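Here is what each chain is made of, one letter per residue.
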Amino acid sequence: MPKILIVEDEGAIADTLVYALQTEGFTTRWVGVAGEALVLLENEPFDLVILDVGLPDISGFEACKQLRRFSEVPVIFLTARNAEIDRVVGLEIGADDYVVKPFSPREVVARVKAILKRMTSGPDKSQKTELKGPFRIEQGSYQIHFREQLLPLTLNEYRLLETLLTQPGRVFSRAQLLDALGVALEAGYERNIDSHIKGLRAKLRMIAPDAKPIQTHRGLGYSCCLES
């Protein structure tokens, strides 16, 4: 069964999550500090991490940054803060979802299931490589090269760019791009797509300062132009 790591310093919240996840057949491990979680994640396989933002040693945001240096395991943030900037920061550093306290345990379980289904569904892409103009997509390793240089993408950035490259020139709305990330439109993350696009453009400019492959269509969305 999928193995979930819960990183939460409040015992009552952690117990609720452990019960809800185990009831649905998940295996769980609970730790109360980020440092212990990072050590575990370097040495044991987990399918998903539920990570509290307000931990006693370092913040969940900083823990996620450190985690992304060696792992792309899916992360769901838990936080008592509902400000848009917090959601943007969380998604920009590589989180897959963001849940605000107080929350329904059933909602968290549903989001865990949705993320794991997204990670495992679809055709086998383990050996598939696609060339799209100056881009090379290596689907098995979730990597994209631009002008023969590897782009240092987060998992969400990879999914967005891969989606744009499926149909060069097509304008994708923010809602469609959210769907590519597996995030429901009603979750309120629509504007966070802009932040991910900003990050993608910055990484593309690091390789080719004058290139502008991602185009903005005001009021509509974004497209990818292979000639830019």
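First, a word on scope: everything that follows refers to the structure included in this document.

Rules of the game
- Residues numbered from 1 in each chain as written.
- Predicted model: local features only at pLDDT ≥ 70, side-chain atom pairs only at ≥ 80, totals over all residues.
- Heavy atoms only, no water.
- Helix = DSSP H or I, 4+ residues; strand = E, 2+ residues; numbered from the N terminus.
- Buried < 20%, exposed > 50% of the residue type's maximum accessible area, 1.4 Å probe, protein only.
- Contact = heavy atoms within 4.5 Å.
- Areas by Shrake-Rupley, 256 points an atom, 1.4 Å probe, with all protein chains shown as cover.
- Arc of directions from axis to C-beta.
- Salt bridge = Lys/Arg side-chain N within 4 Å of Asp/Glu carboxyl O.
- Core = buried A, V, L, I, M, F, W, Y, C linked by side-chain atoms within 4.5 Å.
- Pairing = 2+ DSSP bridges.
- Axes fitted to C-alpha atoms, helices over the stretch in contact; angles between N-to-C directions.
- Phe/Tyr/Trp six-rings, centres within 6.5 Å; stacked < 30°, edge-to-face > 60°.

1. Let's talk about the overall build of the chain
No. 1: Counting secondary structure elements, the chain contains 8 helices and 11 strands.
No. 2: Sorting the 228 residues of the chain into buried and exposed places 48% on the buried side.
No. 3: For the chain, the share of sequence-separated contacts (at least 6 apart) that also reach a separation of at least 24 residues comes to 57%.
No. 4: Carbon and sulfur atoms make up 50% of the accessible area of the chain, which totals about 11,300 Å².

2. Regarding helix 7 (residues 174-181)
No. 1: For helix 7, the complete set of buried residues consists of Arg174, Leu177, Leu178 and Leu181. Down the axis, helix 7 shows its buried residues gathered within 105° of arc, on one side only.

3. Focus on the pattern of salt bridges
No. 1: Scanning all chains against the criterion turns up 14 salt bridges.
No. 2: Here Arg136 ties to Glu138 by a salt bridge, and the two come within 3.2 Å at their closest N and O atoms. Both residues of the pair, Arg136 and Glu138, count as buried.
No. 3: The shortest N-O distance in the salt bridge between Lys203 and Glu157 comes to 2.6 Å. Here Lys203, found in helix 8 (residues 192-207), pairs with Glu157, found in helix 6 (residues 155-166); they are 46 residues apart in sequence, far enough to count as distant.
No. 4: Residue class for Lys203 comes out buried when judged on its relative accessible area of 17%.
No. 5: Of the residues examined, Glu157 reaches a relative accessible area of 5% and is grouped as buried.
No. 6: Within this structure, Arg68, Glu72, Asp96 and Arg159 form a network of salt bridges that share partners.

4. What about the nonpolar core?
No. 1: Core analysis: the largest hydrophobic core is formed by 25 residues, its most contacted members being Phe135, Ile144, Leu151 and Leu161.
No. 2: When residues of this core are traced back to their parent elements, those giving at least two are strand 7 (135-138), strand 8 (143-146), helix 6, helix 7, helix 8 and strand 11 (221-224).
No. 3: Core analysis: the second largest hydrophobic core is formed by 23 residues, Leu38, Val49, Leu55 and Ala95 among them.

5. Details of the sheet that holds strand 4 (residues 75-79)
No. 1: Read from one edge to the other, the open sheet built from 5 strands follows the order 2-1-3-4-5, with strand pairing classed as parallel. Sheet topology places strand 2 (27-31) and strand 5 (97-100) at the edges, where each strand pairs with a single neighbour. Taken over all neighbouring pairs, the strand axes of this sheet differ in orientation by 20° on average, direction set aside.
No. 2: Where strand 3 (residues 48-52) and strand 4 come together, 4 bridges link them in parallel fashion. Paired with Asp52 across the strands is Leu78, a residue of strand 4.
No. 3: Along the sheet, helix 2 (residues 34-43) makes contact with strand 1 (3-7), strand 2 and strand 3, crossing strand 1 at roughly 160°.

6. Details of the packing of aromatic side chains
No. 1: This model, assessed by the stated rule, comprises 4 aromatic pairs.
No. 2: Seen from their ring centres, Phe61 and Phe77 are 5.2 Å apart, and the 90° between their planes marks the pair as edge-to-face. Of the two residues, Phe61 sits in helix 3 (residues 60-67) while Phe77 sits in strand 4, which places them 16 residues apart along the sequence.
No. 3: The class of Phe77 is buried, set by a relative accessible area of 0%.
No. 4: Judged by centre distance (5.4 Å) and plane angle (75°), the ring pair of Tyr142 and Tyr158 falls under edge-to-face. Of this pair, Tyr142 sits in the loop between strand 7 and strand 8 while Tyr158 sits in helix 6, and the two are 16 residues apart along the sequence.
No. 5: Owing to a relative accessible area of 40%, Tyr142 belongs among the partly exposed residues under this scheme.
No. 6: For Tyr158, a relative accessible area of 2% puts it in the buried group.

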